[in-house]
Amino acid sequence: MALVASNDWLVASYFRQGKGDFLGPLLKRISGSVHSSARDWPFRFGVRVVQVRCGKHCICGCSACYSSSASVRKVVNTKAPSYTAQELKEALKMFKEGVADPRGLQKQKEEEALKDRFRPLEELKRDLAELDMLVETDVQIMHRLIAQFNSSSATVAERVKVLLELEYLVHQVDNAQNLVSMGGMKIVINALNCSDIELRENAAFVLGSAVSSNPSVQVEAVEGGALQKLLAILATPHPISVKKKALFAVAALLRHFPYAQGSFLKLGGMQVLVDLFQTPGGEGLRIRIITLIYDMIVEKELMSQSGLDQIPDSSHQERVRQYTQVTLLPVLAEQGWCRLVPELLASVEHDWREKALKTLLVMMPRCQDDFQENHALGHLLSDLQKQYRELARIERDLGEEDGYFREILTLVDTVATLNKVSE
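What you are looking at is a predicted structure, and each value in this text was computed from that prediction instead of being measured.

**Q** Kindly report on the confidence of the model for the protein chain, identifying the contributing residues and their values.
**A** On average, the protein chain scores 80 in pLDDT, and the residues at 70 or more come to 73%. In the model, residues 1-76 has pLDDT below 50 throughout and makes 103 contacts with residues more than four positions away in sequence or in other chains.

**Q** If you had to explain the side chain of E299 to someone new, which residues and values would you point to?
**A** Here E299 shows up in helix α15 (residues 283-304). For the buried E299, no salt bridge is present, and the opposite-charge side chain at shortest range is R255, 5.9 Å distant. A distance of 2.4 Å separates polar atoms of two side chains, one belonging to E299 and the other to Y323. Look past the residues within four positions of E299 in its chain and what remains in contact with it is L254, R255, H256, F257, Q261 and Y323.

**Q** Any details on the state of the cysteines? Residues and values, ideally.
**A** A complete count under the given rule lists one disulfide for this structure. One disulfide bridge connects C338 with C367, the sulfur atoms lying 1.8 Å from each other. As the torsion about the S-S bond is roughly -55°, the C338-C367 disulfide counts as left-handed. Residue C338 is located in helix α18 (residues 337-340), and its partner C367 is located in helix α19 (residues 350-373); the two are separated by 29 residues in the primary sequence. Judged on exposure class, the residue C338 and its partner C367 are both buried.

**Q** Pulling in residues and values, what's your account of the pattern of salt bridges?
**A** Tallying each qualifying case throughout the model produces seven salt bridges. The partner of R255 in a salt bridge is D295, and the shortest N-O contact between them spans 2.8 Å. With R255 in the loop between α12 (240-254) and α13 (258-266) and D295 in helix α15, the pair connects residues that are 40 residues apart, well separated along the chain. Residue classification places R255 among the partly exposed residues on the basis of a relative accessible area of 28%.

**Q** Help me get a handle on the packing of aromatic side chains, residues and values and all.
**A** In this structure the tally under the stated criterion is five aromatic pairs. Ring centres of F205 and F248 lie 6.1 Å apart, and the angle between their planes is 65°; this geometry places the pair in the edge-to-face category. With F205 in helix α9 (residues 197-211) and F248 in helix α12, the pair connects residues that are 43 residues apart, well separated along the chain. What makes F205 partly exposed here is its relative accessible area of 23%. Overall, the relative accessible area of 32% leaves F248 in the partly exposed class.

Calculation criteria
- Residues numbered from 1 in each chain as written.
- Predicted model: local features only at pLDDT ≥ 70, side-chain atom pairs only at ≥ 80, totals over all residues.
- Heavy atoms only, no water.
- pLDDT = per-residue confidence, 0-100.
- Contact = heavy atoms within 4.5 Å.
- Helix = DSSP H or I, 4+ residues; strand = E, 2+ residues; numbered from the N terminus.
- Buried < 20%, exposed > 50% of the residue type's maximum accessible area, 1.4 Å probe, protein only.
- Lys, Arg positive; Asp, Glu negative; His and termini not counted.
- Salt bridge = Lys/Arg side-chain N within 4 Å of Asp/Glu carboxyl O.
- Polar contact = N/O pair within 3.5 Å; in protein donor to acceptor, adjacent residues only side chain to side chain.
- Disulfide = S-S within 2.5 Å.
- Phe/Tyr/Trp six-rings, centres within 6.5 Å; stacked < 30°, edge-to-face > 60°.

Put into structure tokens, the structure is as follows:
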């Protein structure tokens, strides 16, 4: 058999007698047809079968074999891949015997290599199912942590670690409420009385995080005696770091909770803050105390104005009633805060001055006489006006018409004006 390949033709001349039934079935195996549809399948070695002719006998059974001329024009395309007759014979033999093409073997190897890079889906599903069995919910974690804290063999370091993990969890409202329901809040409150200072500090940290913006937990903490224990920490010798955490917990407990604010005043909380404000080395606590006082005054003022309830619900009237029982401004004036707050204006920190000025403004209805009698305050306000006018001018030159220093200057001018009204 002689074979010649071209761009569009594979011409086969088959001269052996009695074997005319071989090529047709072979082509059917390759293309599924030996007629004109043969043009539609790509020959494996880069050529296309269009027509098969034999010299005398019809091999494929199509009418194309009965052309007027039995001769075949042989055309070779030098640009197409060239194959010898022996190579084509071997290829046809491979088709007939079902031998795999080397390219197919290479593709199979690539597929196997790809499978090796990725794990089977069933194996992944099995591993994920095992992981689900190991995942703990937040409630389960808190149960485990509380059990570790209560363990008689737990060291101080281990208990401190438990408290830090709890503090992270109770920032979520639901987790804080779950801590109460599982008895964890009582454990935290009791830890405020521990002999170890580090445990007290971190217990106050957990408590402050749990009660922040969480009314139901605030109620549980106050009823559990947390306020008394926190004030005891603030009123007795402790490192500043411990007092900071205790003050944080007190502030979180009092905000938006008039019942706790009333209890705070009855327990002498403002006097405790007066002493803390004047503690040597406690300068970092001063701004925190002033911020708490300012927030409590503004909170009550907003509640007294119709439609400005920060948390509108059916208990609005009850909160209004509770706020009316919080006599904050008279207590502030009585315990010397009209004299203490202006001291912050001497600070070099702009944010301290800003907070002090805002607090002076909200205290003005009760402390105006004291402010006017404080000649040092008048001189200090005059100096601040000069300083902030210059800073505001620099801001304005830089293109900031309503910059930060301009806002502080407005506060200074307002306080100075109100302080001179009755002079």
